[in-house]
Structures are given as C-alpha cells and as structure tokens.
Amino acid sequence: MADDKKLTTRAEDFSAWYNEVVLRAELADYSPVKGSMVIRPNGYGIWERMQRALDDMFKATGHQNAYFPLFIPESFLHKEAQHVEGFAPECAVVTHGGGKELEEPLIVRPTSETIIYHMYAKWVQSYRDLPILINQWANVVRWEMLTRLFLRTLEFLWQEGHTAHATHDEAEEEALRILGIYRDFAEQWMAMPVITGLKTESERFAGALRTYCIEAMMQDRKALQAGTSHNLGQNFAKAFDLQFQTESGEMAHAWNTSWGVSTRLVGGLVMTHGDDNGLRVPPRLAPIEVVIVPIWKSDDERGRLSEAAEQLRRELTEWTGRGNSDRLRVHVDAREGVKPGAKYYEWELRGVPLRLELGPRDIEKQSVFSARRDTRAKAAIARAGVAESVARILDAIQADMLTEAKARREAATIRSVSSYDEFRDIMAGDGAFVYAGWNGDPEVEARVKEETKATIRVIPDAEFRSTVPPAKCLITGQPARHEVVWAKAY
RNA sequence: CGGGACGUAGCGCAGUCCGGUAGCGCACCUGAAUGGGGUUCAGGGGGUCGCGGGUUCGAAUCCCGCCGUCCCGACCA
C-alpha cells in the first residue's frame, strides 16, 4: 500500500498477484454476475491469436467448423449414464420462455456431445459418410461454486471438436493427432511446456473410454490441465443411435472423439510467464509485438520525433520478411503528458514483448534503443535493417521463453521420492511434479488426494517417463502398474 | 445450506462506539511547466452513505427487517 503502483509479488501471494495482473493489464474484469467475467480487448486479443493458430491447425488436418445451438433438451443429457452423472450437477436449466413454463426444460450446454451426436445420427447412413470431422467455437456454461478469472468461470469460451469414425483405431488415431496439435500449440505458440499422456479413471471425461491431456506447470508449482482429447468409444453412438452400414452390409455403431481447449489457456499464459512487473506475452500470441515510444523535450522535438516514430512503424509493418500475411504488429505510443518512464511501466505490465525507444540521441546515431520484456535486456540496434533485427529478437524471445519455462518446470520436478512421508512433506511445502510408481488402484489415488490435496495429473507418455521405471507403488509398496505424475492442481 | 466479516465517489478506505448535514489516497477533468524508467504545482468534477422502516428537532452513525458481497466445510475446462 506504500506504493500501490507496484504489484503484489509472486512470492508474497501468488493468487493476489495473478488477480492483479489480470485486472491491471486489462485482460478481464468482473461482471455483475458472480462467477462470470468480461474479457476485455487486451485479453480477447490474445484469445483471438490463439483461435487463429489453432483453427489453422484444425483446418490443416481436415476439420471444418460448424455451429450447434446453446440450448439442449434436458432429456438428451440423460441418454448417456456417465455423462449425466458428471454434468447434471453443474448445469444451468431454462424452465421458462416467452413468459410460459416450458414443456421440457432446456439445459444450457456444458459441452455439446449430446446434441452433436444426435445430429450426426441423422446425417450418417453409410461408411461412406464417415469420418465426420467438425469443430465449433462456442461458449459453454458450468455452474461452478469456486470461480477464478479465466481459470474457472460460470461461462467460458472454447473450441470443441467432435468426430465420428468407422473404427476404434481411427478414433484413437484422431484423439492422439489432436493431442499432438495441442502440444505443438502450447509449446510453439504459448511457449508453455506440457506433459502429454492419459488421465486416470477418476479424472476421465464423463462418458469417455480414455481421456488424453496436456498438463502444464504454473509458477506456483501447481498443475494446470490445459487441454483434453477424448476417445469416446461407442458410448455416445449407442446412446444416440449413431449407426452406419459397413462395406459388407452390416450395421455398426460409430466411434467418436471429442476434444477442447478454452480461454483457461489465457490464465495459463499469465501464470506461466508473468513476472513481478506484470504480464509477459510470447511474441507469436501478442496482439502488439513491438511498442515504439518516441521521446521529446521541446514542442519542436515532439513534431520531429513523432514523425520519426511513425516512419519507423511504417518500415516495420511494411516489411514482408516473415511473409505477407504475418506482418510485424507494431504500436506507436505518442501520448502527450505521459512521461516515457510511465509508458514503459504500462507496456511492461501489459506484456508487450519488445519496446523500441526513439529519441534525439538515437536519431543522431542512426539507431533505435530496444528493451526486451522477457529478460529486460536493453541494447541499441542499427536503424538500417531494423525490421530484420526486430524479427530476429522476437524469435529469440519466443524461443527463450519456452526454454525458461521448461527449466523452471524441470527444477520443480522430482523423480527420486522414496517414501510416502517424503511425498507428504513435498506436497505440504513448495509442491512439485512428483514422478512415482502407482499400483493402479483408484482408492489409493483418493486417499492421497484426501491427505495431501495432490492428485495424479497424468500417466505420462513414454518420452516423459523416467529412464528407470519405478518398480513399486510409492504409497502401498505393491508392484507399480504405471509411473504417474502427482501434483496439486488448479 | 451451517459459522465469521463487510457494504460510505470508479477503486481502496476513514468517519459509526460518543447522532449535528460527508472526508482521505489513488484514478478522472482543466491549465502551466516537465519529458531517455512511475513529474510537479494550481484549480476542478463526481457520493440516493446497500435497501426499507422506526426513534429523534436532526441519522452514514442508534433500533428492527431485508438484500448483497467476501472468507472457511460436499464439485471441476
């Protein structure tokens, strides 16, 4: 309170820090309805970049977008037993419309499997109609009790892919293909390293055969489930009578997948990269990659310098070295009455990856002064060929942010825990991703959750597993069925 | 739904015990100077004190009722 310009630091109070960054960087704001939020232009701009990148990847793998309605007949939810059990408690239900009570209540979609497979059943007759590869960008509603900006709100934005295939293997291949896309997106765009793998039964999607996920570590060493891809088997096809005639003339139920990522990723971005000065956005997702701050003293200089800044902006945005469709995203901050230092703090808070300062001294030396947001390193760069230099710096920032995040995760990963007591100490302390053996018993998992708040985040894919697989279950000492990753989670 | 706290300007708060006609910081507006890391001075705008009732000459303050929010005990992208 001594200086309310400063953020609460991450070390002081990570949750308070997170809330302050989201609010003060103007990513989002609380709405009058408890548990729901407004996504402001700064936050929505990041989401739009995410959408574009993901959408391109979905299209490149043969998917098309469509839109299914918000309202679903309540009876649909009840057709798949596991599904209704999982989602009914958190559904918003519409009972009145047009001033009259409805004959059948409508639920506001918490996810769209039911309405979508109902429609697919109408559209599919023959194996020739398969596969169906559809994605939709939509809002969904889940009535949560404990909410947090971006991480858990009553309503959120996401994409949900829903596919139908002729065989189990095709569906499995699809679920894994999408998991790969999610991983690439997280690492190459968000600069957020993830662990891929399989969820245990207790964390599996309601109605799925198998749930795959990407799991990321936040700076407070808690895990964030950042995306899920489900092999639904024939569960929904059977519930919604989604059948087709095979090549040999028999009737068979289709095999489905569904998969999604949400605006929760924006929260993940903040908690992965933010520092005590605010947000840090990796260049590829930054709505503004470069901010130019012209510096002047006199009125005369103001005219000269803002013109020079404008010229610099034009040169940067007209540069096509990154391809015609991927121009540098540049903003000039020529506001009067705000001192340069105040502008620096503001753009740092908002996470703009690179700042260019342009003052009389730089003009004279035919250079511009640059400051990286990620490392806060400053350097003069030559005015000649500036666009290329800027693009190179942005690439370096993108790469360095991933490296830094990966190193942070590895530093908080423990593969050598030898007793349950030691495990409890870790979880009661700073926390970590703990790789350990597990006997496969859901009751053991439940007990550990009860006692330590930690859960099995993922049964990791081969590349993440330890070189020497654990032989015994950490908790029971029985033979291990899997090596799993334990952590406290959001 | 059970236990604790709070509701006063956009935000954060003081004032409430002990009634006297609303204040502080930040933000905002105007002007001047300032301008390479959060600028200063001067002037200014903005409040049904959560809502309703009561007591009183007079209520943010006392009394009653209601509403809402936040924190702690069953779910989750």
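Everything that follows concerns the structure shown earlier in this document.
The following paragraphs examine the structure supplied in this document. (Residues numbered from 1 in each chain as written. Chains lettered and ligands numbered in written order. Predicted model: local features only at pLDDT ≥ 70, side-chain atom pairs only at ≥ 80, totals over all residues. Heavy atoms only, no water.)

Moving on: the overall build of chain A. Along the backbone of chain A there are 14 helices and 23 strands. For 490 residues, the compact-globule estimate of 2.2 N^0.38 gives 23 Å, and the C-alpha radius of gyration of chain A, at 25 Å, lies within 12% of that figure. Summarising its shape, the C-alpha atoms of chain A cover approximately 80 × 55 × 50 Å along the three principal directions. Counting over 490 residues, chain A shows a buried share of 53%. Look at the contacts in chain A between residues 6 or more apart in sequence, and 70% of them connect residues 24 or more apart. Of the roughly 22400 Å² of accessible surface on chain A, a fraction of 49% belongs to carbon and sulfur atoms. Both charge centroids of chain A, one from 62 positive and one from 72 negative side chains, sit 4 Å from each other. (Helix = DSSP H or I, 4+ residues; strand = E, 2+ residues; numbered from the N terminus. Rg over C-alpha atoms; globule rule 2.2 N^0.38 Å. Buried < 20%, exposed > 50% of the residue type's maximum accessible area, 1.4 Å probe, protein only. Contact = heavy atoms within 4.5 Å. Areas by Shrake-Rupley, 256 points an atom, 1.4 Å probe, with all protein chains shown as cover. Lys, Arg positive; Asp, Glu negative; His and termini not counted. Charge placed at Lys NZ, Arg CZ, Asp CG, Glu CD.)

In terms of nonpolar packing, the biggest core is built from 51 residues, with Leu27, Met50, Phe185 and Met192 touching the most fellow members. Listed by contribution, the elements that provide at least two residues to this core are α1 (14-24), α2 (41-60), α6 (168-189), β10 (210-217), β11 (223-233), β14 (255-262) and α8 (264-273). The dominant element in this core, judged by the number of residues it contributes, is α6, at eight residues. Residues contacting Met50, with those up to four places away along its chain left out, are Phe185, Met190, Leu265, Val266 and Leu285. (Core = buried A, V, L, I, M, F, W, Y, C linked by side-chain atoms within 4.5 Å.)

Turning our eyes to something else, we now look at the sheet that holds β10. If you walk across this open sheet you meet the 11 strands as β3-β7-β8-β14-β11-β10-β9-β22-β23-β21-β20, and the pairing is mixed. For this open sheet the edge positions go to β3 (64-65) and β20 (413-414), each flanked by a neighbour on one side alone. Running over the sheet, α2 touches β3, β7 (132-141), β8 (155-165) and β14 and is turned about 160 degrees from β7. The sheet contacts of helix α5 (residues 113-123) involve β7, β8, β11 and β14, and relative to β8 the element is tilted by about 30 degrees. (Pairing = 2+ DSSP bridges. Axes fitted to C-alpha atoms, helices over the stretch in contact; angles between N-to-C directions.)

Another point: a nonpolar patch on the surface. The grouping of Trp143, Met145 and Leu146 at the surface amounts to a nonpolar patch, some 410 Å² of accessible area in total. Of the residues examined, Leu146 reaches a relative accessible area of 64% and is grouped as exposed. (Patch = residues over 30% accessible without salt bridge, like charges linked within 9 Å, V, L, I, M, F, W, Y side chains within 5 Å. Salt bridge = Lys/Arg side-chain N within 4 Å of Asp/Glu carboxyl O.)

What follows is about the protein's contact with RNA strand B. Surrounding RNA strand B, one finds 34 residues, the nearest of these being Arg152, Trp296, Arg355, Arg361 and Asp362. Backbone sugar and phosphate groups make up 36% of those atoms of RNA strand B lying within 4 Å of the protein. One of the backbone nitrogen or oxygen atoms of Trp296 is found 2.6 Å away from a sugar or linking oxygen of RNA strand B. A distance of 3.5 Å is found between a phosphate oxygen of RNA strand B and a side-chain nitrogen or oxygen belonging to Lys339. The dominant element in the surface near RNA strand B, judged by the number of residues it contributes, is helix α10 (residues 340-350), at six residues. Classifying every residue of the surface near RNA strand B gives 11 nonpolar, seven polar and 16 charged. (Near = heavy atom within 4 Å. Polar contact = N/O pair within 3.5 Å; in protein donor to acceptor, adjacent residues only side chain to side chain. Nonpolar A, V, L, I, M, F, W, Y, C, P; charged D, E, K, R; others polar.)

Another point: empty space enclosed by the protein. Evaluated as defined, the whole model comprises two cavities of 30 Å³ or more. Estimated volume of the largest cavity: approximately 60 Å³. Lining of the largest cavity is provided by Met192, Pro193, Met217, Met218, Gln219, Thr272, Ala405, Arg408 and Arg409. No other element matches the three residues that helix α12 (residues 386-411) contributes to the lining of the largest cavity. Considering only enclosed or pocket space, the second largest cavity measures out at about 30 Å³ in volume. The wall of the second largest cavity is formed by Leu54, Tyr182, Phe185, Ala186, Met190, Ile214, Ala226, Val261 and Leu265. Take the lining of the second largest cavity: its biggest share by element is three residues, from α6. Here the lining of the second largest cavity is built from residues that sort into nine nonpolar, no polar and no charged. (1 Å grid on protein atoms, 1.4 Å probe; cavity = no way out; pocket = protein on both sides within 12 Å on 5 of 7 lines; lining within 4 Å. Points joined across faces, edges and corners; volume = space filled by probe spheres on them.)

A word on the sheet that holds strand β15 (residues 290-294). The sheet built from five strands is open, its strands ordered β16-β15-β17-β18-β19 with mixed pairing. Edge positions in the sheet fall to β16 (330-332) and β19 (378-382), since each has one partner strand and no second. Across the sheet, the axes of successive neighbouring strands diverge by a mean angle of 25 degrees, strand direction being ignored. One ladder, built from five bridges, connects strand β18 (residues 367-372) with β19; its direction is antiparallel. Bridging from a neighbouring strand, Val368 pairs with Ile381 of β19. Strand contacts of helix α9 (residues 299-318): β15, β16, β17 (354-358) and β18, with the helix running at about 160 degrees to β15, the strand carrying the most contacts.

Position of Thr211 relative to the elements: it lies in strand β10. Taking C-alpha positions, Thr211 is 33 Å from Thr95, a pair spaced 116 residues apart along the chain. Beyond its immediate sequence surroundings of up to four residues, Thr211 is in contact with Gly197, Leu198, Lys199, Arg204, Phe205, Thr228, Ser229 and His230. At a separation of 2.9 Å, a polar atom in the side chain of Thr211 contacts the main-chain amide nitrogen of Phe205.

On to the layout of surface pockets. In this structure, the largest pocket spans a volume of roughly 1500 Å³. Looking at the largest pocket, it is lined by 50 residues, and the ones nearest its centre are Arg142, Arg152, Glu203, Gln225 and Arg264. If you list the elements that add at least two residues to the lining of the largest pocket, you get α4 (81-87), β8, β11, β14, α14 (442-452) and β22 (455-460). Counted by class, the lining of the largest pocket contains 15 nonpolar, 18 polar and 17 charged residues.

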